[in-house]
Structures are given as structure tokens and as C-alpha cells.
Amino acid sequence: MPTPGALVAAAAVGALAGSYASVWAMYEDSTHKGFCARRCVTRILIGVSVSIGLQSMLGLALPNAAAIVLLLGLTYAAEWALIAMWNAFAGEDRSKLFVPMVLDIAGVHMGIDRARTAVAVGYVALVGLFLIALGQLDPGAASPLTPFAGAVVGLGAGVLVAIGGAWKEATRSGFELVTFLRTPSLTILAAVGLSFFVDSYLYLAVAAVGYQRAVVETWKIFLAHIASRLRSAPWV
């Protein structure tokens, strides 16, 4: 059973991950749908719930710094995956948006029907098989993985995420090789860094995806906007 101190630390980690996700989501969506405090609070609560659930299952050595770093990546990835799955397969109609976040096939939005459900089940099964395979590869000894192993795992996880992103965005903004390669590149960097204190291929892959998403969203929502404003400033 997790200790009260570990659960409090997990709740704090989840609140941090959920708050960060809610901030960039609010910044991105406010121009289209306006500010909604309920959505922000919901994402924070999801982050807290996911983090506590992960800690209860995994029993990480909280409040150890390495365990906090790992749990933060796991929580961010799991929260992002839940929201992305909801938006893609069961969320509201966002066809008016440039990237509507609902499942497209050849540019046609799929309704809530058997075909959409079948694709959802297939997608979940594919991701689940990938994660199960990684879990089966975990070494028996509790020792950090090698940076090379981290890079290979990060590459596999990054390519899987990049394929999903390309499927979602290509019908609207076109396929961009640089954007596609950015995802596995960042996931590899995150996985190599995590490999120095993580002893599980499964945890490594999921946490690396979490940090990759955090970096990408930070760039897309904040840094790219700031850079664009600076380039258009009158003193440039």
C-alpha cells in the first residue's frame, strides 16, 4: 500500500502536470471557444487522479527526485493520451477548427458509428500491444538502462506518436517531414536522459513521450508565438 506521504507527493506531481496541460490548452483554445474555467479544473483533476493511480500501481520511491521526474513524465503522457483519445473518438464536433482533433480518414470526419468504434478499438489494441511488448523486454535486474537502449526505445515510441500526429494533421495542414521527424528526435533525447535512472523499458517509453509532448506544446503555444511577435516587431 502506498504511504500517505507518497500519495501527497503524487498528488502534487499530478497537479503540476495537469496545470501545465491546462495552461497551454487554455491558451490554444481561448481564441476559438473562449476561456472555460471548468476545462482547466478538469484537466488538473485528471492529472491528480492519474498520478495517484500510477503511484498506487507502481509504488515509486516518492519523494525521491528520480521518482518524481519519472512520475511527472508518466502522468503527463497518460493525461495527454486520455484527452487525445477522447477528442479523437468521442469528443465534441471541432470541424470548424484548423486541426479539429477528431478522427479523419481521407479528409472525411468519422461519425460516432461502428467504423469509428472499430478504429478506436484497433488503435487502443495497437498501443496496448506495443506497451506489453516493451514490458516483456524489461530486464530482471533493477539497474538503469543504457543510453543506447533508451535511444532505441525512444525511437520506437516517437515513431508511433509521430504516425498518429501525421494522420491527424496531414488532412488539414499537409504532411511535413520536419514535423514528423521532430517527434522521435525529441523522444529519443528524453529517453536517453531518463535511461540514467530508469530500469524499465515500459516506463522509459511512456515518460519520454510525456516529456516530448510537454516540449512540443511549449514550443507550439508559447515560444513560437513569442518568436513570431519578436520577428514582426518594429525594431527588427
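Residues numbered from 1 in each chain as written. Predicted model: local features only at pLDDT ≥ 70, side-chain atom pairs only at ≥ 80, totals over all residues. Heavy atoms only, no water.

(A) Examining helix 2 (residues 37-58) more closely. In a regular helix each residue adds 1.5 Å, so 22 residues correspond to 32 Å; helix 2 covers 32 Å between its end C-alpha atoms and thus fits that length. For helix 2, the complete set of buried residues consists of Cys40, Arg43, Gly47, Val48, Val50, Ser51, Leu54 and Gln55. Buried residues of helix 2, seen end-on, are gathered within an arc of 165° and therefore sit on one face of the element. Exposed residues lying more than 90 degrees from the buried face of helix 2 are Arg38, Leu45, Ser49 and Met57. Where helix 2 ends, the next residue or the one after it, Gly59, has phi of about 60°, a positive value. (Helix = DSSP H or I, 4+ residues; strand = E, 2+ residues; numbered from the N terminus. Expected span 1.5 Å × (residues − 1). Buried < 20%, exposed > 50% of the residue type's maximum accessible area, 1.4 Å probe, protein only. Arc of directions from axis to C-beta.)

(B) The arrangement of the pattern of salt bridges in detail. With the rule as written, the count across this model stands at two salt bridges. Between Glu79 and Arg43 there is a salt bridge, with its nearest N and O atoms 2.7 Å apart. In this pair, Glu79 is assigned in helix 3 (residues 65-89) and Arg43 in helix 2, connecting sequence segments 36 residues apart. By the burial criterion, Glu79 is buried, and Arg43 matches it. (Salt bridge = Lys/Arg side-chain N within 4 Å of Asp/Glu carboxyl O.)

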